[in-house]
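# Remarks on the overall topology
Okay, here's what each chain looks like letter by letter:
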Amino acid sequence: MSDRNSSEGGVSRRQTLAAVTGATVSGLAGVPTTVVGDSGREKRITILASGDESRETVTVSKRWYRHKEQAINVKEAMSRQYLGEGSVHSVGIESSDAAVGGLRGKRVRVAASPEGDVSALDAVPSSVEGIPVRTVEEERPEETGCYNDRREDVDGDGENEFLGGMAFEGMKNINNGGNSVEKGTLCCPVQYNGGTYMLTARHTISGDVCNTPGVVENDYGWGRIVNNEDTVTPFGFVAAAFTEYDAALLTLYSPGFQDFSSRVTDEPGAEVVGRVTGDGIDTLASYPAATMYKRGRTTCATSGTIRGSRLSFKDKCGIKPPTEEIGQVRTSATQEKGDSGGPVYHRINNSSGTDELYLLNMATRNYEDYNYAQGSSADILHRKEGFDFGNSKYY
(Lines give C-alpha, C1' and ligand atoms only; values in the text may rest on other atoms or scores of the structure.)
Protein backbone atom coordinates (compact mmCIF):
# COMPACT_ATOMS: atom_id res chain seq x y z
CA MET A 1 0.00 0.00 0.00
CA SER A 2 1.30 3.45 -0.89
CA ASP A 3 0.20 6.43 1.23
CA ARG A 4 0.07 9.55 -0.91
CA ASN A 5 -0.22 11.85 2.13
CA SER A 6 2.68 12.83 4.35
CA SER A 7 0.74 12.63 7.66
CA GLU A 8 -0.46 9.51 9.47
CA GLY A 9 -3.14 9.67 10.23
CA GLY A 10 -17.73 5.62 31.13
CA VAL A 11 -20.37 3.66 29.39
CA SER A 12 -23.65 3.60 31.36
CA ARG A 13 -25.99 0.64 30.89
CA ARG A 14 -29.66 0.48 29.91
CA GLN A 15 -30.23 4.22 29.83
CA THR A 16 -32.79 5.70 27.53
CA LEU A 17 -31.52 7.98 24.81
CA ALA A 18 -32.81 11.52 25.29
CA ALA A 19 -34.48 13.11 22.28
CA VAL A 20 -32.11 15.31 20.29
CA THR A 21 -33.07 17.67 17.51
CA GLY A 22 -30.72 18.59 14.68
CA ALA A 23 -30.63 20.45 11.39
CA THR A 24 -28.35 20.82 8.39
CA VAL A 25 -27.34 23.88 6.47
CA SER A 26 -25.50 24.11 3.19
CA GLY A 27 -21.73 24.37 3.55
CA LEU A 28 -18.93 25.08 1.10
CA ALA A 29 -18.67 22.88 -2.00
CA GLY A 30 -22.22 21.66 -1.40
CA VAL A 31 -21.26 19.67 1.70
CA PRO A 32 -23.90 19.94 4.46
CA THR A 33 -22.69 21.22 7.81
CA THR A 34 -24.24 19.50 10.83
CA VAL A 35 -25.69 21.69 13.55
CA VAL A 36 -26.57 20.00 16.87
CA GLY A 37 -29.61 21.76 18.29
CA ASP A 38 -29.71 20.84 22.00
CA SER A 39 -28.05 22.85 24.74
CA GLY A 40 -24.88 22.19 26.71
CA ARG A 41 -21.46 20.91 25.70
CA GLU A 42 -22.14 17.18 25.82
CA LYS A 43 -24.45 14.82 23.98
CA ARG A 44 -25.68 11.37 24.99
CA ILE A 45 -25.89 8.93 22.11
CA THR A 46 -26.97 5.31 21.67
CA ILE A 47 -24.09 3.07 20.66
CA LEU A 48 -25.72 -0.37 21.13
CA ALA A 49 -29.32 -1.24 20.28
CA SER A 50 -31.71 -4.15 19.91
CA GLY A 51 -34.42 -3.33 17.41
CA ASP A 52 -35.65 0.14 18.39
CA GLU A 53 -34.55 -0.25 22.02
CA SER A 54 -31.51 1.64 23.25
CA ARG A 55 -29.29 -0.83 25.13
CA GLU A 56 -26.14 1.21 25.75
CA THR A 57 -25.48 4.95 25.75
CA VAL A 58 -22.38 7.09 26.10
CA THR A 59 -21.75 10.80 26.57
CA VAL A 60 -19.53 12.56 24.01
CA SER A 61 -18.64 16.18 23.46
CA LYS A 62 -20.76 18.05 20.95
CA ARG A 63 -17.58 19.29 19.31
CA TRP A 64 -16.55 15.70 18.48
CA TYR A 65 -20.09 14.76 17.42
CA ARG A 66 -20.33 17.72 15.02
CA HIS A 67 -16.87 16.82 13.69
CA LYS A 68 -17.75 13.18 13.02
CA GLU A 69 -21.10 14.08 11.42
CA GLN A 70 -19.30 16.56 9.17
CA ALA A 71 -16.84 13.81 8.24
CA ILE A 72 -19.80 11.64 7.18
CA ASN A 73 -21.17 14.46 5.01
CA VAL A 74 -17.78 14.99 3.38
CA LYS A 75 -17.33 11.27 2.79
CA GLU A 76 -20.74 10.99 1.07
CA ALA A 77 -19.97 13.97 -1.17
CA MET A 78 -16.55 12.61 -2.07
CA SER A 79 -18.00 9.17 -2.81
CA ARG A 80 -20.35 10.74 -5.34
CA GLN A 81 -17.51 12.68 -6.92
CA TYR A 82 -14.59 10.24 -6.94
CA LEU A 83 -15.82 6.63 -6.52
CA GLY A 84 -15.33 4.85 -9.84
CA GLU A 85 -13.14 7.59 -11.33
CA GLY A 86 -10.05 5.94 -12.81
CA SER A 87 -9.09 3.11 -10.46
CA VAL A 88 -10.63 4.69 -7.33
CA HIS A 89 -12.44 1.77 -5.68
CA SER A 90 -13.25 2.89 -2.14
CA VAL A 91 -14.07 5.96 -0.09
CA GLY A 92 -14.52 5.68 3.66
CA ILE A 93 -13.82 7.13 7.10
CA GLU A 94 -10.98 6.28 9.48
CA SER A 95 -9.80 7.64 12.80
CA SER A 96 -6.88 10.07 12.83
CA ASP A 97 -4.23 10.65 15.48
CA ALA A 98 -5.54 14.17 16.18
CA ALA A 99 -7.88 14.51 19.17
CA VAL A 100 -11.18 16.36 18.81
CA GLY A 101 -13.26 17.00 21.91
CA GLY A 102 -11.39 14.35 23.89
CA LEU A 103 -11.71 11.54 21.30
CA ARG A 104 -9.76 10.60 18.20
CA GLY A 105 -10.83 12.66 15.22
CA LYS A 106 -12.04 11.47 11.82
CA ARG A 107 -10.66 11.77 8.30
CA VAL A 108 -11.83 10.63 4.87
CA ARG A 109 -9.79 7.97 3.06
CA VAL A 110 -9.81 7.66 -0.75
CA ALA A 111 -8.16 4.56 -2.25
CA ALA A 112 -7.24 3.60 -5.82
CA SER A 113 -5.72 0.44 -7.26
CA PRO A 114 -2.07 0.96 -8.35
CA GLU A 115 -2.67 -1.40 -11.28
CA GLY A 116 -5.08 1.09 -12.84
CA ASP A 117 -5.35 4.82 -13.44
CA VAL A 118 -4.54 6.55 -10.15
CA SER A 119 -4.51 10.06 -11.64
CA ALA A 120 -7.93 10.78 -10.11
CA LEU A 121 -6.20 10.91 -6.72
CA ASP A 122 -4.26 13.96 -7.87
CA ALA A 123 -7.47 15.97 -7.88
CA VAL A 124 -8.49 14.95 -4.36
CA PRO A 125 -8.01 17.84 -1.89
CA SER A 126 -6.11 17.35 1.35
CA SER A 127 -9.10 18.59 3.35
CA VAL A 128 -12.74 19.51 2.77
CA GLU A 129 -14.78 21.69 5.13
CA GLY A 130 -12.17 21.20 7.83
CA ILE A 131 -12.09 17.38 7.50
CA PRO A 132 -8.65 15.92 6.59
CA VAL A 133 -8.52 13.68 3.52
CA ARG A 134 -5.98 10.88 3.00
CA THR A 135 -5.33 9.27 -0.40
CA VAL A 136 -3.68 5.86 -0.82
CA GLU A 137 -2.80 3.43 -3.59
CA GLU A 138 -3.83 -0.10 -2.65
CA GLU A 139 -5.49 -3.18 -4.10
CA ARG A 140 -9.19 -3.77 -3.76
CA PRO A 141 -10.26 -5.82 -0.72
CA GLU A 142 -10.68 -9.46 -1.78
CA GLU A 143 -13.67 -11.60 -0.97
CA THR A 144 -12.70 -14.52 1.28
CA GLY A 145 -14.13 -17.91 0.66
CA CYS A 146 -12.62 -21.34 0.97
CA TYR A 147 -10.03 -23.38 2.76
CA ASN A 148 -10.43 -27.13 2.85
CA ASP A 149 -10.33 -27.34 6.63
CA ARG A 150 -13.37 -28.87 8.31
CA ARG A 151 -14.70 -28.12 11.75
CA GLU A 152 -17.68 -30.22 12.78
CA ASP A 153 -19.79 -29.43 15.84
CA VAL A 154 -17.61 -26.43 16.69
CA ASP A 155 -19.65 -25.61 19.81
CA GLY A 156 -19.16 -29.12 21.19
CA ASP A 157 -22.75 -29.81 22.26
CA GLY A 158 -23.58 -32.42 19.61
CA GLU A 159 -27.00 -30.91 18.94
CA ASN A 160 -28.56 -29.68 15.72
CA GLU A 161 -28.30 -26.02 16.71
CA PHE A 162 -26.57 -23.70 14.29
CA LEU A 163 -24.47 -20.99 15.94
CA GLY A 164 -22.68 -17.93 14.65
CA GLY A 165 -19.11 -18.79 13.69
CA MET A 166 -19.96 -22.36 12.58
CA ALA A 167 -18.47 -23.72 9.38
CA PHE A 168 -20.82 -24.52 6.49
CA GLU A 169 -20.72 -25.38 2.80
CA GLY A 170 -22.51 -23.39 0.12
CA MET A 171 -24.31 -25.73 -2.27
CA LYS A 172 -26.01 -25.80 -5.66
CA ASN A 173 -28.40 -28.37 -7.20
CA ILE A 174 -29.60 -28.89 -3.66
CA ASN A 175 -32.87 -30.54 -4.75
CA ASN A 176 -30.83 -33.30 -6.38
CA GLY A 177 -28.53 -34.04 -3.46
CA GLY A 178 -26.39 -30.94 -3.78
CA ASN A 179 -22.86 -30.10 -4.86
CA SER A 180 -20.51 -28.08 -2.66
CA VAL A 181 -19.65 -24.63 -4.06
CA GLU A 182 -17.76 -22.72 -1.36
CA LYS A 183 -16.75 -23.04 2.28
CA GLY A 184 -17.91 -20.27 4.60
CA THR A 185 -18.98 -19.28 8.09
CA LEU A 186 -22.43 -18.63 9.57
CA CYS A 187 -22.94 -15.14 11.04
CA CYS A 188 -25.99 -15.02 13.32
CA PRO A 189 -29.80 -15.20 13.20
CA VAL A 190 -31.73 -12.17 11.94
CA GLN A 191 -35.41 -11.29 11.90
CA TYR A 192 -36.56 -10.19 8.46
CA ASN A 193 -40.10 -9.71 7.13
CA GLY A 194 -41.60 -11.69 10.01
CA GLY A 195 -39.26 -14.68 9.75
CA THR A 196 -36.00 -15.81 11.37
CA TYR A 197 -33.05 -16.64 9.11
CA MET A 198 -29.31 -17.24 9.39
CA LEU A 199 -27.16 -14.49 7.88
CA THR A 200 -24.02 -15.27 5.89
CA ALA A 201 -21.96 -14.01 2.94
CA ARG A 202 -23.68 -14.29 -0.41
CA HIS A 203 -20.57 -15.24 -2.39
CA THR A 204 -20.09 -18.39 -0.29
CA ILE A 205 -23.39 -19.59 -1.76
CA SER A 206 -23.02 -18.43 -5.37
CA GLY A 207 -19.26 -18.92 -5.71
CA ASP A 208 -18.97 -15.52 -7.37
CA VAL A 209 -19.20 -12.14 -5.64
CA CYS A 210 -19.95 -10.52 -9.01
CA ASN A 211 -22.70 -12.97 -10.01
CA THR A 212 -25.63 -10.69 -9.28
CA PRO A 213 -28.68 -12.90 -10.06
CA GLY A 214 -29.48 -16.50 -9.31
CA VAL A 215 -28.79 -17.64 -5.76
CA VAL A 216 -32.44 -17.63 -4.72
CA GLU A 217 -34.05 -18.91 -7.93
CA ASN A 218 -31.51 -21.45 -9.11
CA ASP A 219 -31.55 -24.27 -6.56
CA TYR A 220 -28.84 -22.98 -4.20
CA GLY A 221 -28.65 -23.84 -0.52
CA TRP A 222 -26.33 -24.75 2.32
CA GLY A 223 -25.16 -27.73 4.33
CA ARG A 224 -22.49 -29.07 6.67
CA ILE A 225 -20.09 -31.99 6.77
CA VAL A 226 -21.19 -34.16 9.71
CA ASN A 227 -19.74 -37.21 11.49
CA ASN A 228 -16.39 -36.80 9.69
CA GLU A 229 -17.91 -37.97 6.43
CA ASP A 230 -16.75 -36.76 3.03
CA THR A 231 -20.23 -35.78 1.82
CA VAL A 232 -22.12 -32.59 2.63
CA THR A 233 -25.49 -32.94 4.35
CA PRO A 234 -27.87 -30.25 3.06
CA PHE A 235 -29.81 -28.33 5.72
CA GLY A 236 -31.77 -25.66 3.84
CA PHE A 237 -32.26 -23.12 1.07
CA VAL A 238 -31.39 -19.49 0.38
CA ALA A 239 -34.41 -17.30 1.18
CA ALA A 240 -33.03 -13.95 -0.02
CA ALA A 241 -29.83 -12.38 -1.32
CA PHE A 242 -28.58 -8.79 -1.12
CA THR A 243 -25.77 -8.12 -3.60
CA GLU A 244 -24.94 -4.61 -2.35
CA TYR A 245 -24.05 -6.07 1.07
CA ASP A 246 -22.74 -9.48 -0.11
CA ALA A 247 -25.38 -10.96 2.18
CA ALA A 248 -27.67 -14.00 2.04
CA LEU A 249 -30.38 -15.34 4.36
CA LEU A 250 -30.58 -19.10 4.96
CA THR A 251 -33.57 -21.27 5.89
CA LEU A 252 -33.88 -24.72 7.50
CA TYR A 253 -35.48 -27.84 6.01
CA SER A 254 -36.82 -28.95 9.40
CA PRO A 255 -37.21 -25.96 11.74
CA GLY A 256 -39.04 -28.13 14.25
CA PHE A 257 -35.98 -30.32 14.83
CA GLN A 258 -33.20 -27.81 14.12
CA ASP A 259 -32.78 -24.24 15.24
CA PHE A 260 -30.72 -21.12 14.61
CA SER A 261 -29.17 -20.03 17.90
CA SER A 262 -28.11 -16.51 18.87
CA ARG A 263 -25.07 -18.01 20.57
CA VAL A 264 -21.62 -17.72 18.97
CA THR A 265 -18.98 -20.44 18.93
CA ASP A 266 -16.41 -20.25 21.75
CA GLU A 267 -18.56 -17.68 23.59
CA PRO A 268 -20.05 -19.72 26.47
CA GLY A 269 -22.78 -17.90 28.32
CA ALA A 270 -23.18 -15.18 25.67
CA GLU A 271 -25.55 -14.45 22.81
CA VAL A 272 -26.16 -11.84 20.13
CA VAL A 273 -28.79 -9.46 21.49
CA GLY A 274 -28.48 -6.46 19.15
CA ARG A 275 -26.26 -4.35 16.93
CA VAL A 276 -23.68 -1.59 17.16
CA THR A 277 -25.39 1.57 15.87
CA GLY A 278 -23.91 4.03 13.38
CA ASP A 279 -23.08 6.42 16.23
CA GLY A 280 -21.66 3.45 18.09
CA ILE A 281 -19.31 2.56 15.22
CA ASP A 282 -18.06 6.15 15.04
CA THR A 283 -17.60 6.35 18.81
CA LEU A 284 -15.95 2.96 19.36
CA ALA A 285 -13.56 3.69 16.48
CA SER A 286 -12.35 6.70 18.48
CA TYR A 287 -11.71 4.58 21.59
CA PRO A 288 -8.23 3.04 21.08
CA ALA A 289 -8.97 0.19 23.50
CA ALA A 290 -12.45 -0.75 22.19
CA THR A 291 -12.03 -4.42 21.23
CA MET A 292 -14.08 -6.15 18.54
CA TYR A 293 -14.22 -9.94 18.40
CA LYS A 294 -14.53 -12.18 15.34
CA ARG A 295 -15.27 -15.84 14.63
CA GLY A 296 -14.44 -17.77 11.44
CA ARG A 297 -13.87 -21.36 10.32
CA THR A 298 -10.22 -20.75 9.42
CA THR A 299 -8.89 -18.28 11.99
CA CYS A 300 -11.25 -19.41 14.80
CA ALA A 301 -11.27 -16.64 17.45
CA THR A 302 -9.55 -13.33 16.63
CA SER A 303 -10.00 -9.75 17.78
CA GLY A 304 -9.02 -6.19 16.85
CA THR A 305 -10.15 -2.59 16.71
CA ILE A 306 -12.16 -0.60 14.17
CA ARG A 307 -9.83 0.74 11.45
CA GLY A 308 -12.33 2.13 8.94
CA SER A 309 -16.08 2.69 8.60
CA ARG A 310 -18.84 3.80 6.22
CA LEU A 311 -16.79 2.37 3.34
CA SER A 312 -18.30 2.39 -0.14
CA PHE A 313 -16.36 0.72 -2.93
CA LYS A 314 -16.71 -0.72 -6.41
CA ASP A 315 -15.62 -4.29 -7.01
CA LYS A 316 -13.42 -5.41 -9.89
CA CYS A 317 -15.56 -7.88 -11.79
CA GLY A 318 -13.75 -8.28 -15.09
CA ILE A 319 -16.13 -7.86 -18.01
CA LYS A 320 -19.12 -7.79 -15.67
CA PRO A 321 -20.53 -4.52 -14.30
CA PRO A 322 -18.76 -3.56 -11.06
CA THR A 323 -20.68 -4.27 -7.89
CA GLU A 324 -20.94 -1.30 -5.52
CA GLU A 325 -21.05 -2.44 -1.91
CA ILE A 326 -21.95 0.03 0.81
CA GLY A 327 -21.81 0.51 4.57
CA GLN A 328 -18.67 -1.55 5.17
CA VAL A 329 -16.65 -1.62 8.40
CA ARG A 330 -12.98 -2.67 8.62
CA THR A 331 -11.34 -4.04 11.77
CA SER A 332 -7.84 -5.32 12.53
CA ALA A 333 -9.24 -8.78 13.40
CA THR A 334 -7.59 -11.36 11.11
CA GLN A 335 -9.61 -12.62 8.14
CA GLU A 336 -8.61 -15.63 6.02
CA LYS A 337 -10.25 -17.67 3.28
CA GLY A 338 -13.14 -19.64 4.72
CA ASP A 339 -14.01 -16.98 7.29
CA SER A 340 -16.47 -15.21 4.98
CA GLY A 341 -19.86 -14.70 6.59
CA GLY A 342 -18.53 -14.84 10.14
CA PRO A 343 -19.64 -12.39 12.87
CA VAL A 344 -17.63 -9.43 14.18
CA TYR A 345 -19.07 -8.12 17.43
CA HIS A 346 -18.65 -6.03 20.57
CA ARG A 347 -18.92 -7.85 23.89
CA ILE A 348 -20.50 -6.44 27.06
CA ASN A 349 -19.61 -8.49 30.15
CA ASN A 350 -22.50 -8.88 32.56
CA SER A 351 -21.46 -10.10 36.00
CA SER A 352 -25.05 -10.65 37.07
CA GLY A 353 -26.27 -12.54 34.03
CA THR A 354 -25.60 -13.57 30.42
CA ASP A 355 -22.88 -11.67 28.56
CA GLU A 356 -24.25 -9.66 25.65
CA LEU A 357 -22.86 -9.58 22.10
CA TYR A 358 -23.68 -6.74 19.70
CA LEU A 359 -23.04 -7.40 16.01
CA LEU A 360 -20.70 -4.87 14.40
CA ASN A 361 -20.56 -6.39 10.93
CA MET A 362 -20.39 -9.57 8.92
CA ALA A 363 -16.86 -10.25 7.65
CA THR A 364 -16.83 -10.95 3.92
CA ARG A 365 -13.46 -9.61 2.74
CA ASN A 366 -9.86 -9.26 3.80
CA TYR A 367 -7.93 -6.06 3.37
CA GLU A 368 -4.46 -6.08 1.78
CA ASP A 369 -1.48 -7.81 3.38
CA TYR A 370 -2.83 -7.08 6.85
CA ASN A 371 -5.71 -9.57 6.32
CA TYR A 372 -8.00 -7.16 8.16
CA ALA A 373 -11.64 -8.25 8.30
CA GLN A 374 -14.13 -6.10 6.36
CA GLY A 375 -17.82 -6.32 5.56
CA SER A 376 -21.24 -4.69 5.72
CA SER A 377 -22.29 -3.29 9.10
CA ALA A 378 -25.24 -4.60 11.07
CA ASP A 379 -26.37 -0.98 11.31
CA ILE A 380 -26.79 -0.50 7.55
CA LEU A 381 -28.52 -3.88 7.22
CA HIS A 382 -30.96 -2.71 9.91
CA ARG A 383 -31.53 0.77 8.47
CA LYS A 384 -31.68 -0.12 4.79
CA GLU A 385 -33.20 -3.62 4.80
CA GLY A 386 -34.97 -3.88 8.17
CA PHE A 387 -32.83 -6.67 9.65
CA ASP A 388 -33.15 -7.06 13.44
CA PHE A 389 -30.49 -8.81 15.48
CA GLY A 390 -31.12 -10.71 18.70
CA ASN A 391 -34.40 -11.85 20.23
CA SER A 392 -33.87 -15.44 19.03
CA LYS A 393 -34.13 -18.51 21.24
CA TYR A 394 -31.21 -18.87 23.63
CA TYR A 395 -29.67 -22.28 24.35
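Details of the structure are given in the entry above.
Residues numbered from 1 in each chain as written. Predicted model: local features only at pLDDT ≥ 70, side-chain atom pairs only at ≥ 80, totals over all residues. Heavy atoms only, no water.

### Regarding the packing of aromatic side chains
- One pass over the full model with this rule turns up 11 aromatic pairs.
- Aromatic pair F162 and W222: ring centres 5.1 Å apart, planes at 80°, arrangement edge-to-face. Taken as a pair, F162 in strand β12 (residues 161-164) and W222 in strand β17 (residues 220-225) lie far apart in primary sequence, 60 residues in all.
- Taking the relative accessible area as the measure of exposure, W222 reaches 0% and is therefore buried.
- On the basis of an interplanar angle of 90° and a centroid distance of 5.6 Å, the ring pair of Y192 and F242 is categorised as edge-to-face. With Y192 in strand β15 (residues 189-192) and F242 in strand β18 (residues 232-242), this pair connects stretches of sequence that are 50 residues apart. (Phe/Tyr/Trp six-rings, centres within 6.5 Å; stacked < 30°, edge-to-face > 60°. Helix = DSSP H or I, 4+ residues; strand = E, 2+ residues; numbered from the N terminus. Buried < 20%, exposed > 50% of the residue type's maximum accessible area, 1.4 Å probe, protein only.)

### Observations concerning helix α1 (residues 62-82)
- For α1, built from 21 residues, the straight-helix expectation of 30 Å at 1.5 Å per residue is met to within 8% by its first-to-last C-alpha distance of 30 Å.
- G84 sits one or two positions beyond α1 and adopts a positive phi of about 95°. (Expected span 1.5 Å × (residues − 1).)

### Remarks on the sheet that holds β17
- Reading across the sheet, the 8 strands line up as β14-β13-β17-β18-β19-β16-β15-β30 and stay open at both edges, with antiparallel pairing between neighbours. Each edge of the open sheet carries a strand with a single partner, namely β14 (179-185) and β30 (388-389).
- Where β18 lies against strand β19 (residues 247-250), 4 bridges are found, and the strand directions are antiparallel. Bridge pairing in β19 places A240 opposite L249. (Pairing = 2+ DSSP bridges.)

### Quick word on unusual backbone geometry
- Its identity is not glycine, yet D246 carries a phi of approximately 50°, on the positive side.
- Look at C300: it is not a glycine, yet its phi comes out positive at around 60°.

### Thoughts on the pattern of salt bridges
- Counted by the stated rule, this structure contains 18 salt bridges.
- A salt bridge links R134 to E94; the shortest N-O distance between them is 3.0 Å. A residue pair is termed long-range when its members are at least 10 positions apart, and R134 in strand β10 (residues 131-137) and E94 in strand β7 (residues 88-100) qualify at 40 residues.
- A relative accessible area of 8% places E94 in the buried class.
- For D379, the salt bridge is made with R383, and the minimal N-O distance between the two is 2.8 Å. Taken as a pair, D379 and R383 lie in helix α4 (residues 378-385) at a separation of 4 residues, close to a single helical turn.
- Classification of D379 as buried rests on a relative accessible area of 7%.
- On the basis of relative accessible area, R383 is assigned to the partly exposed category, the value being 48%.
- One connected set of salt bridges, linked through shared partners, spans K68, E69, D279, D282 and R310. (Salt bridge = Lys/Arg side-chain N within 4 Å of Asp/Glu carboxyl O.)

### A look at the environment of R63
- Tracing the backbone shows R63 in helix α1.
- Residues contacting R63, with those up to four places away along its chain left out, are V100 and G101. (Contact = heavy atoms within 4.5 Å.)

### A closer look at the pairing of strand β23 (residues 300-304)
- Here strand β22 (residues 292-296) pairs with β23 via 5 bridges, running antiparallel. Within the sheet, the bridge partner assigned to K294 lies in β23 and is T302.
- As consecutive antiparallel partners, β22 and β23 are separated by 3 residues.

### Remarks on the state of the cysteines
- On inspection of all chains with the given rule, the structure shows 0 disulfides.
- Residue C187 stays outside any disulfide, its sulfur separated by 3.9 Å from that of C188, the closest cysteine.
- Given a relative accessible area of 0%, C187 falls into the buried group.
- With a relative accessible area of 1%, C188 lands in the buried category. (Disulfide = S-S within 2.5 Å.)

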